[in-house]
Amino acid sequence: MTASILDSVEESKYKKVTDLNPQEEIAPGSALCAGCGGLEGMRLAMKVLGEDTLICNAAGCFTLISVYPFTPLKGSWLYTSMSGPVPAAQGARDALDIRMAKHGLDQKENMQVMVVAGDGATYDMGLSPTSAAIHRNLDFIYFCYDNEAYGNTGFQQSGSSPLGSYTMTSPSTLDHPAGSERSKKDLFGIWMAHNPPYLATVSPREPIDLSNKFKKAKDMKGPRLFICLSPCPTGWGFDPKETHLIAKLAVDTGIFPIKEFVNGKVIHTKRPRKRLPVEKYLERQKRFKHLFEPERRDDIIAQIQNNVDTYWEQYDE
Amino acid sequence: MLRIRLHGRGGQGIKTASQILGTAAHLAGFQAQDFPLYGAERRGAPITAYARVSKNIVLERGAIAQPDILLIGDETLLSDPLASVTEGTESSTLIFINSRHPSPDLKKHYQLESLPVQLDISGLCQKYIQKPMILSTALAAVGVRLMGHIGLHHLLKAIRDELGQERLSADQLANNLKLAEEAFQKVPSFDLEFRKFDDGFSASHLVVLERRPPVDSVPVIFATGNMALRKTGNWRTHRPVIHYEECNGCAICYARCPEGDIRMDANEKPVIDYDHCKGCLICATECPKHAIEIIREVASWN
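A. Expanded view of the interface of chain B and chain A. At the junction of the two partners, chain B supplies 39 residues and chain A supplies 38 residues. Only α7 (252-256) and α8 (282-286) of chain B provide two or more residues apiece to the side of chain B that touches chain A. Of the residues forming the side of chain B that touches chain A, the biggest block, four residues, is contributed by α8(B). Its residues assigned to classes, the side of chain B that touches chain A shows 17 nonpolar, ten polar and twelve charged.

Here's what the structure looks like:
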């Protein structure tokens, strides 16, 4: 990226919520749950990206974004299997490039190709094609709405389900009191190892941070990846009105670090000044209830806290 | 056989209510069948659940078109033609509505053939479990009582069995049992007569479809952004209402609404699109001035 482009990005930074594009790029009326954190993330992202975006959507909750014969989008939407959105993005990108180069498609008709996929498709099923596409330097944006389980099918464990969380396939039992016994995969780390031009985590609670990151990524080329923590009232077990409160606690406890990776460096763009204890985040969600009732599982809570502390120690100033 | 149909919205415990009903009937020595039916829609979307209770083995399957008892947990569904709540009811159908309006008013307003049984079970739920729209226990208690033939102790045992799987605390379970008892006692029992096993049961017949050219089935979307034609406002159980005299136009509600249902008008004040607002109430929670009030949706009339 040249200095002049960097300057212009700097100038047009979003500073307050009234700077957001007032135009809604996703029409209301979709069948997604009330209070969906993932939808809020995508809504904010689309406000920056605009209608010239071709979405390749993996099967998942966002299957319900567009239900024939209705679409909330102004641009195109291509629906794929859970592992298929990135190969679909490759096809769409190639088709646009070839038509522009050889068949007279006007440059104005060009579109930003964006993959939209849940954490099941991203962390598990679609990981291998994604790795290959980043390696090929495919020019696309990847938007992962991460609700830490297979939400669409009734909340089963995925590679993203955090330690100590209850899912339908990892209930808390006498033999397995924690529920999910493994920490979530470090997808940011996996993607970072491919050295893509841009990589970020975003939270719907931080619309300014999110918008600035999409604004920055929009003008870049190559694979640009976003992980959006998507509080899920239905699966996580909290009242829909608390979606943003949960998203905020995820950031304030340090459980979900908001960061970006650009020019080979990790920068935390929203760093909690003093981290709250993790239980402030855990105790509000039914999926962690077994850590508090019938008896408090201090051992598991301490393990979760320890994981968070260990993460941040790497970046202590 | 007695056929019971329950209507409510996703997240209100309608499926659990049908399970409690079925289990209570089973404990009382009946054959029972219960199951929910919903599309690819979520919390807030209309859902239906069914229960069949019989002295003999239940061979009938599928949705219940002509219920003996209709339990309506969410009154707002009655104004939604797509929810088809009263479909297949006759003058003999026993209709229960969770409402604060008196029974004769309900009959008149919704043009029902018979006088419905009415009780504000949301009020009871608020009193015992502090959640006015978690209706599973109360609605099941009402259903069991209306049907008759099943004792309170079977109902309470069924609630313990079914809610035992929902990871409730001992206190929550005890409150649910108290709630069930009061709901049970507040409605009359009808001791309905069991219809004969094959009553109204007919063999299916073959439907021959007309031959059409394949092009007729090619998917076509005629307009972009047409999802807005689908109104999701009826998902709402509570309505956010902005008090403009307290609003400072900070636009936080607009930024936080996942549906994009709040826009800022020319005077930089937020306006809520009630046709689509699903009632998540994020705006009311996030408003720094506490200028958004939460009002329970009773129905589309007062």
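The structure having been displayed, the exposition proceeds.
B. Structural view of the sheet that holds strand β6 (residues 117-119) of chain B. All names here are of chain B. Pairing within the open sheet is mixed, and its six strands lie in the order β2-β3-β1-β4-β5-β6. Either end of the sheet is taken by a strand with one partner, and the two such strands are β2 (31-37) and β6. Neighbour-to-neighbour, the strand axes of the sheet open up by a mean angle of 15°, direction not taken into account. Alignment of strand β1 (residues 2-9) against strand β3 (residues 46-54), held across eight bridges, turns out to be antiparallel. Bridging across to β3, Arg-5 finds its partner in Tyr-50. Across the sheet, helix α1 (residues 14-27) touches β1, β2 and β3, and the angle it forms with β2 is around 175°.

C. A look at unusual backbone geometry. All names here are of chain A. Cis geometry is found at the peptide bond from Glu-293 to Pro-294, where omega equals -5°. Within the secondary structure, Pro-294 is located in the loop between α10 (279-282) and α11 (298-313). The phi torsion at Asn-195 lies on the positive side, around 55°, for a residue other than glycine. In this structure, Asn-195 sits in the loop between α6 (187-192) and β5 (198-202). Under the C-beta neighbour-count criterion, Asn-195 is labelled exposed, with 12 such atoms within 10 Å. Unlike most non-glycine residues, Asn-263 shows phi in positive territory, near 55°. Mapped onto the fold, Asn-263 is located in the loop between β7 (258-262) and β8 (265-270). When the 8 C-beta atoms within 10 Å are taken as the criterion, Asn-263 is described as exposed.

D. Representation of the packing of helix α3 (residues 121-129) of chain B against helix α6 (residues 170-186) of chain B within the structure. Residues and elements named next belong to chain B. In the contact formed by α3 and α6, the axes pass within 9 Å of each other and the chain directions differ by 150°. If you check the angle between α3 and α6, you find them roughly antiparallel. Relative to α6, α3 is oriented so that their crossing is right-handed. Here α3 contributes Ile-121, Leu-124, Cys-125, Tyr-128 and Ile-129 to the contact with α6, which in turn contributes Gln-172, Asn-175, Asn-176, Lys-178, Leu-179, Glu-182 and Ala-183.

E. Examining α1(B) more closely. Residue and element names in this part refer to chain B. The first and last C-alpha atoms of α1 sit 20 Å apart over 14 residues, in line with the 20 Å expected at 1.5 Å per residue. Burial analysis of α1 places twelve of its 14 residues in the buried class, the great majority of the element. Buried within α1 we find Ile-14, Lys-15, Thr-16, Ala-17, Ser-18, Gln-19, Ile-20, Leu-21, Gly-22, Thr-23, Ala-24 and Ala-25. Of the surrounding elements, those touching the buried residues of α1 are β1, β2, β3, α4 (136-147) and α5 (152-163). One or two steps after α1, the chain reaches Gly-29, where phi turns positive at roughly 95°.

Reading guide: rules and limits
- Residues numbered from 1 in each chain as written.
- Chains lettered and ligands numbered in written order.
- Predicted model: local features only at pLDDT ≥ 70, side-chain atom pairs only at ≥ 80, totals over all residues.
- Contact = placed C-beta atoms within 7 Å.
- Helix = DSSP H or I, 4+ residues; strand = E, 2+ residues; numbered from the N terminus.
- Nonpolar A, V, L, I, M, F, W, Y, C, P; charged D, E, K, R; others polar.
- Pairing = 2+ DSSP bridges.
- Axes fitted to C-alpha atoms, helices over the stretch in contact; angles between N-to-C directions.
- Buried ≥ 20, exposed ≤ 12 C-beta atoms within 10 Å, placed from the backbone.
- Parallel < 35°, antiparallel > 145°, perpendicular 65-115°, else oblique.
- Left-handed = near helix turned anticlockwise from the far one by under 90°.
- Expected span 1.5 Å × (residues − 1).

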